[in-house]
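If you want the building blocks of each chain, they are given just below.
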Amino acid sequence: MTISPAITSPERRPLRLAGLLPWLFAVLVVGYAMVVGGYAATVVSFALIYAVFVTGLNLFMGFAAQVSFGQNAFAAIGGYLSAVLTATYGWSPLPAMALGIAAAVLTAAIVGYPALRLKGHYLAMGTLAIGLITYEITVEWQSVTQGYMGISGIPPFGIGPYEITSDRGQLVLLSLVVAASLFAAARIRRSRFGRALSAVAGSEEAAVALGIDVARYKLAAFLLSAGFAALAGSLFVHVVGFVSPEVFGLHMVIVTFTMLYVGGIGTVVGPLVGALIVSLLPETFRAFKDYQDLAYGAALILLLIYAPRGLASLFSPRGRS
Amino acid sequence: MSRLRLEGVTRRFGGLVAVDNVSFEVPAEGVTAIIGPNGAGKTTLFNLIAGALPPSAGRILFEGADITGRPPAGIAAAGLVRTFQLVKLFEDLSVLDNVKVGCHLQGKAGLFGALLRFASAREEEAAVDVRARELLAFAGLSAFADEPAFGLPYGRQRMLELARAMAAGPRLILLDEPAAGLNTEESAALARVIRRIAEEGTSVLLIEHDMTLVMNTADRVVVVDFGRKIAEGTPTEVRANPAVIAAYLGTGKSATGAAVTASDHQETARG
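Only a predicted model underlies this, so the values are computations on that prediction, with no experimental measurement involved.

Here we take up the overall build of chain B. Along the backbone of chain B there are 11 helices and 10 strands. In terms of C-alpha radius of gyration, chain B reaches 19 Å, essentially the compact-globule figure of 18 Å for 271 residues. By principal-axis analysis of the C-alpha atoms, chain B measures approximately 65 × 40 × 35 Å. Looking at chain B residue by residue over its 271 residues, the buried ones come to 46%.

Right, here's the structure in full:
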C-alpha cells in the first residue's frame, strides 16, 4: 500500500479538528455531571479515577506495548496505605498518598526488575500473579486491613481546615488530576523518552541497534504505570471514604482493560474516553432491566468490531487506514 | 588505525561452524563489502560484530577497543550501528519520528525532561528535529516526513532505515543486504547515498548479493564461503580470483557447493 502525500495532505486539517471530538465529548460528560450532581456526579467521579489508572496502564501497554494483568496490585498498595495511614494513624491525606505512591513504585521496581525479563504471555502470567498475591494480602492481613470488612472513615482530601466533601468539589479535583495525567502522557508521547518507548513497542531488536537500553525503558514505563495506579487507588479511598479488597480485585483488571481497548490503546485521550464510556454504558442500558448486561455486552462487541483500535482512533489519521 | 578489526573470529552452532577463524580489517575510509554465496555466514558475521551473538572464539576491535561480548546497545553507543536484512522500522511512528528515534544516542533528556521541558530539553528537541529533517532530505524522504512508516513503498523503507541508522551518528555503519528487493533504479540511488555516507567520513561495511551495487560502491571486498574468508582485495582483483569464481560458479566444488550456488541464483533472480 502506498500513501502519497499529495492525496493525504488535504485531509489533514479536518482530521485534526475531528481529533478534538473525543476531548469535547469528555468535557461535555464531566460538565453535565457537574451541573446535575448527585448520582451522575458519583458515576463520573469513578470514571475519572479509572481514567487516571488507565492512563498509567496505557503508558506500559499502549506506549511500550508490554502486558500487565497486575497493575491493580499497585492501586491496592496506594489505596490501602492512604486508608491505613489516615484512618488508623491520623495522617492527612496528601502525605499518605505520596507515601502510597512511593511504596507502589518501589514495589514495582523490586517486582519489575526480574519480571520484565519475561515476554508476552509469560509477562502477563507473572503480573497476574502479582495482582492475585496483593489481593490475598489485603484479605488475610486482618490486623492492618481488616480483611473483607474493609476500612471505613477515611477522610476526604483537603488543605488545612478545608475539606472537599461535595460531589462537585470532588469532580473538580478529579478533573484537574485527570487533566494533569493526560498532559503528562501527551508530553511523554512527544519526547525522547516517549519515542524510546515507541521504539521498544515497534521492534526491540531495532531499538537495541540504535543504542536504546530496552530493559531500562520497559522498567521505567512499568514504574510510571504503577505510580498512576497508586495515585488512582489513593484517590478512590479518599473520594469514597471506604476501602475493601474487592475494590482492587480481578474485576478492576477486566474493567480497566475494557476501558483501554474501547477508548483507544496507545492514544493520549483514549483512556479518558474509554473510562467514561465503559462507566456510562451500563447506566444508559438501565432501562433494559434484566437485559442490561446483555445490552452492555452487545454494545462492547459492536464497539470492538467497528472501532477495533478504540474510539479515539476513529478521529485520528492513523486509525482510519 | 583501522576502524574495525576481526582477529580469528569463530562462531559454532553445535557441530556447525558458521564463521570459521575469520580475520580482516575495515579501514576508516571508504566502503568495504562482504560477499559470498547464501549460507556463507555473512549475516552471522554481522551479528557477531554488532553484539547480537557472542563469538565462540576470537576478538573484535572497534577503533582499537575490544568490543567482544559487549551488549548490542553498548556497541551502538560506541559508534557502531547496524541495519537489518529484513527492514525493521517502527511502523506506527511517522517517517520523521523513526529518524528521531535514531537520534536517541545524541540526546540525554529523560522522563523529567519530557514532563517539565527544561530549556535544555527543548533545545535538544529542536536540534533533533533539525538533524532528522536533514537526514530525511539526504535520503530523499522529505515529502514523506509526516506519513506513517508502514505506508512507505519498500524501496523507501530501506532508505528510511538507512537514514535512521545514520541519525545515531555512527563512525562505522553495517548494512545487511541494503539492496535486497530494490529495483535497478532504487539500487542505483542507494549506491549514490552509500558513497556519500563514506565520503562524509562514516566507514561503511556492507553485505550484499547485488554485484552491481558492490562493484559500484565498494573500495574493498572480503569474500567468505562456508564460514571462511577465501579472498580479499579490490573489486577487480576479487573478480579475477579463481577461488571466488569457484565459489560463485561451483567449478571444482562438491555437490553441496553447487546446491548453495543454485539457490543463490534463485535469490538473485527473485531480488
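After that view of the structure, there is still more to cover.
A separate point is the overall build of chain A. On a plain count of helices and strands, chain A comes out with 16 helices and four strands. Dimensions along the principal axes, computed over C-alpha positions, put chain A at roughly 65 × 50 × 40 Å. Counting all 321 residues of chain A, 49% fall into the buried class. For chain A, restricting intrachain contacts to residue pairs at least 6 apart in sequence, the fraction spanning at least 24 positions comes to 74%.

Moving on, we come to the sheet that holds strand E7 (residues 172-176) of chain B. Residue and element names in this part refer to chain B. The six strands lie next to each other as E6-E7-E8-E3-E9-E10, forming an open sheet whose pairing is mixed. The two strands at the open ends of the sheet, each matched to only one other strand, are strand E6 (80-82) and strand E10 (228-233). Strand-to-strand twist of the sheet, defined as the mean angle between neighbouring strand axes without regard to direction, takes the value 20°. Looking at chain direction, E6 and E7 are connected through three bridges and run parallel. Its bridge partner being in E7, Arg82 is matched across the sheet by Leu174. Across the sheet, helix H1 (residues 42-50) is in contact with strand E3 (31-35), E6, E7, strand E8 (203-207) and strand E9 (220-225); its angle to E7 comes to roughly 150°.

With that settled, consider helix H14 (residues 270-284) of chain A. Spacing of three or four residues puts side chains on the same side of an α-helix, whose turn is 3.6 residues. All names here are of chain A. Counted at 1.5 Å a residue, the expected span for H14 with its 15 residues is 21 Å, and the 20 Å between its end C-alpha atoms agrees. Every buried residue of H14 is listed here: Gly270, Pro271, Leu272, Val273, Gly274, Ala275, Leu276, Ile277, Val278 and Ser279. Looking at the packing, one finds that the buried side of H14 touches helix H3 (21-36), helix H4 (38-63), helix H9 (167-189) and helix H13 (250-263).

At the interface, 34 residues of chain B touch 27 residues of chain A. When contributions to the side of chain B that touches chain A are tallied by element, the ones reaching two or more residues are helix H2 (72-78), E6, helix H3 (95-102) and helix H4 (111-116) of chain B. A per-class count over the side of chain B that touches chain A returns 20 nonpolar, six polar and eight charged.

All names here are of chain B. In this model, Asn21 sits at a positive phi of 50°, which is unusual for a non-glycine residue. Here Glu63, not a glycine, exhibits a phi torsion of approximately 50°, which is positive. With respect to the helices, strands and loops of the structure, Glu63 is situated in the loop between strand E4 (57-62) and strand E5 (65-66). Look at Glu63 and you get partly exposed, because 17 C-beta atoms sit within 10 Å.

Below, the discussion takes up the packing of H3 of chain A against H4 of chain A. Residue and element names in this part refer to chain A. For the pair H3 and H4, the least separation of the axes is 7 Å and the interaxial angle reads 145°. Judged by the twist between their axes, the crossing of H3 over H4 is left-handed. Between H3, through Val29, Val30, Tyr32, Ala33 and Val36, and H4, the contact on the second element is made entirely by Gly38, Ala40, Ala41 and Val44. Residue composition of the contact of H3 with H4, grouped by class: eight nonpolar, one polar and no charged.

Our next topic: the sheet that holds E5 of chain B. All names here are of chain B. In space, the four strands of this open sheet follow the order E2-E1-E4-E5, with antiparallel pairing throughout. Edge positions in the open sheet fall to strand E2 (16-26) and E5, since each of these has one partner strand only. Here strand E1 (residues 4-13) runs beside E2; their pairing, made up of seven bridges, is antiparallel. Its bridge partner lying in E2, Phe13 is registered against Leu16. Docked against the sheet, H1 engages E1, E2 and E4, running at close to 65° with respect to E2.

Moving on, we get to the domain arrangement of chain B. Split by domain assignment, chain B resolves into domain 1 (4-88 + 169-270) and domain 2 (90-151). Domain 1 of chain B and domain 2 of chain B are separated by 30 Å when their C-alpha centres are compared.

Quick look at the pairing of E4 of chain B now. All names here are of chain B. Pairing of E1 with E4 involves five bridges; the strand directions are antiparallel. Across the sheet, the residue bridging to Leu6 is Ile60, located in E4. Bridge count between E4 and E5: two bridges; the pairing is antiparallel. Looking across to E5, one finds that Phe62 is bridged to Ala65. Counting the residues in the hairpin turn of E4 and E5 gives two residues, including Glu63, whose phi is positive at 50°.

A separate point is the environment of Phe288 of chain A. Looking at the element boundaries, Phe288 of chain A is found in the loop between H14 and helix H15 (292-306). Residues Phe288 of chain A and Ser225 of chain A lie 63 residues apart in sequence; the distance between their C-alpha atoms is 37 Å.

Take the pairing of E7 of chain B next. Residues and elements named next belong to chain B. Extensive coverage of E7 is indicated by the burial of five of its five residues. A two-sided burial pattern is seen for E7, the buried positions comprising Leu172, Leu174 and Asp176 on one face and Ile173 and Leu175 on the other. Bridge count for E7 against E8 is five bridges, and the pairing is parallel. Looking at the pairing, Leu172 lines up with Ser203 of E8. This β-α-β element, E7 to helix H7 (residues 184-199) to E8, shows right-handed connectivity.

This paragraph deals with the nonpolar core. Among the nonpolar cores identified, the biggest contains 180 residues, and Ile49, Phe53, Leu210, Ala221 and Ala232 of chain A together with Ala163 of chain B are the most heavily contacted of them. Top contributing element to this core by residue count: helix H12 (residues 214-240) of chain A, with 16 residues. The contact partners of Ala163 of chain B, leaving out residues within four places of it in the chain, are Val99, Leu135, Leu136, Phe138, Ala139 and Leu141 of chain B.

The next thing to look at is the environment of Gly69 of chain B. Residues and elements named next belong to chain B. Mapping Gly69 onto the fold places it in the loop between E5 and H2. On the basis of neighbour counts, which here come to 13 C-beta atoms within 10 Å, the residue Gly69 falls in the partly exposed class. Separated by 23 residues in the primary sequence, Gly69 and Phe46 place their C-alpha atoms 13 Å from one another.

Conventions adopted
- Sequence order as written defines residue numbering, which begins from 1 separately in each chain.
- Ligands are numbered from 1 and chains lettered from A, in the order in which they are written.
- It should be noted that, the model being predicted, local features are given only for residues of pLDDT at least 70 and side-chain atom pairs only at 80 or more, the latter also being counted only at that level, while totals for whole chains, interfaces and linings use all residues.
- A helix here means a DSSP run of H or I that spans at least four residues, while a strand means a run of E at least two residues long, and both kinds are numbered starting from the N terminus.
- Both definitions apply: the radius of gyration is a C-alpha atom measure, and the globule rule equals 2.2 Å times residues to the power 0.38.
- Note on burial: count the other C-beta atoms lying within 10 Å of the residue's C-beta; 20 or more is buried, 12 or fewer is exposed, in between is partly exposed, and C-beta positions come from the backbone.
- Contact criterion: two residues are in contact if their C-beta atoms, reconstructed from the backbone, are within 7 Å.
- Strands were regarded as paired on the criterion that DSSP finds at least two bridges between them.
- Interaxial angle, 0 to 180 degrees, is taken between N-to-C directions of lines fitted to C-alpha atoms, where a helix line uses only the stretch in contact.
- By this rule the span expected of a helix is its residue count minus one, scaled by 1.5 Å.
- Classes in brief: Ala, Val, Leu, Ile, Met, Phe, Trp, Tyr, Cys and Pro nonpolar; Asp, Glu, Lys and Arg charged; the others, Gly included, polar.
- Note on convention: near helix rotated counterclockwise from far helix by under a right angle means a left-handed crossing. Clockwise means right-handed.
- What marks off one domain from the next here is an automatic or database domain assignment.
- By convention, orient the strands away from the viewer: a clockwise path from the first strand over the helix to the second makes the crossover right-handed.
- The term nonpolar core refers to a group of buried residues, namely Ala, Val, Leu, Ile, Met, Phe, Trp, Tyr and Cys, whose C-beta atoms join them within 7 Å.

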